[in-house]
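Residues per chain, in single letters:
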Amino acid sequence: SQTIHQWPATLVQPVGSPLSLECTVEGTSNPNLYWYRQAAGRGLQLLFYSVGIGQISSEVPQNLSASRPQDRQFILSSKKLLLSDSGFYLCAWSLDGQGYREKLFFGSGTQLSVL
Amino acid sequence: EDQVTQSPEALRLQEGESSSLNCSYTVSGLRGLFWYRQDPGKGPEFLFTLYSAGEEKEKERLKATLTKKESFLHITAPKPEDSATYLCAVSSWGATNKLIFGTGTLLAVQP
């Protein structure tokens, strides 16, 4: 069966510090991978998605970046965090194709607080 | 611009008291409408996909329906374990990898 691992669960970082969140998927090959952010009182916002190794699409211009160095590994990074980067970060995966692409399987999330 | 609006923001029910959650959407070429359930501090869990007006899907006490402008999530005889935030999302044919989520309805079922 497929599983998704996301860590850390909680992170408190000072403004201006770097960030690296990692997500790995097991039990499937060539998944679509996603990073979402959920701010208090707001819906889930798509940040990045990837359909393959090295292929990254950015949805929101910001100081965050994403990379996919391996088929089932997705990394979210920042060189310098801003207060506005605080939120609940979720990694997700899906299979490709009609009826599967939007059926997302989410990780347990990382609660990021930038102080 | 594609948009999803959910109402009410919060709903408190007594156990066994049936009700409906609403999801209104504006999208250029609906590919699909999706319902997810999210427990506190966790990632959302997929519930249903609806593709065309008139379509219905059921799972235990939940039934999702779709019209050309909105979707309803009907909860019949809810139990306390149904308490969660219910999220609605849409995708369009112009952006099939991008789900637009609503802000959700927080459902609390009192025993």
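Notes on the structure follow. (Residues numbered from 1 in each chain as written. Chains lettered and ligands numbered in written order. Predicted model: local features only at pLDDT ≥ 70, side-chain atom pairs only at ≥ 80, totals over all residues. Heavy atoms only, no water.)

Considering the overall build of chain B
Consideration 1: In terms of helices and strands, chain B carries zero helices and 11 strands.
Consideration 2: Along chain B, from the amino end to the carboxyl end, the secondary structure elements read β-β-β-β-β-β-β-β-β-β-β.
Consideration 3: The principal-axis extent of the C-alpha atoms belonging to chain B is close to 45 × 30 × 20 Å.
Consideration 4: Relative to its 111 residues, chain B shows a buried fraction of 49%.
Consideration 5: Contacts spanning at least 24 positions in sequence make up 56% of the contacts within chain B whose residues lie at least 6 apart. (Helix = DSSP H or I, 4+ residues; strand = E, 2+ residues; numbered from the N terminus. Buried < 20%, exposed > 50% of the residue type's maximum accessible area, 1.4 Å probe, protein only. Contact = heavy atoms within 4.5 Å.)

Notes on the interface of chain B and chain A
Consideration 1: The interface of chain B with chain A comprises 20 residues on the first partner and 24 residues on the second.
Consideration 2: A buried area of about 1,800 Å², summed over both sides, lies between chain B and chain A, and 52% of it is on carbon and sulfur atoms.
Consideration 3: The three residues of chain B that bury the most area against chain A are Arg31, Asn97 and Phe101 of chain B, which together make up 31% of that side's buried surface.
Consideration 4: There are two salt bridges connecting chain B and chain A. (Buried area = accessible area lost by both parts, 1.4 Å probe. Salt bridge = Lys/Arg side-chain N within 4 Å of Asp/Glu carboxyl O.)

Things to note about the state of the cysteines
Residue and element names in this part refer to chain B.
Consideration 1: Overall, the coordinates contain two disulfides over all chains when judged by the stated rule.
Consideration 2: Here Cys23 pairs with Cys88 through a disulfide, and the sulfurs are 1.9 Å apart. Between Cys23 and Cys88 the sulfur-sulfur dihedral comes to about -60°; the bridge is accordingly left-handed. Placement of Cys23 in strand β3 (residues 19-26) and of Cys88 in strand β9 (residues 84-92) is noted, with a sequence separation of 65 residues between them.
Consideration 3: Take Cys23: its relative accessible area is 0%, and that puts it in the buried class. (Disulfide = S-S within 2.5 Å.)

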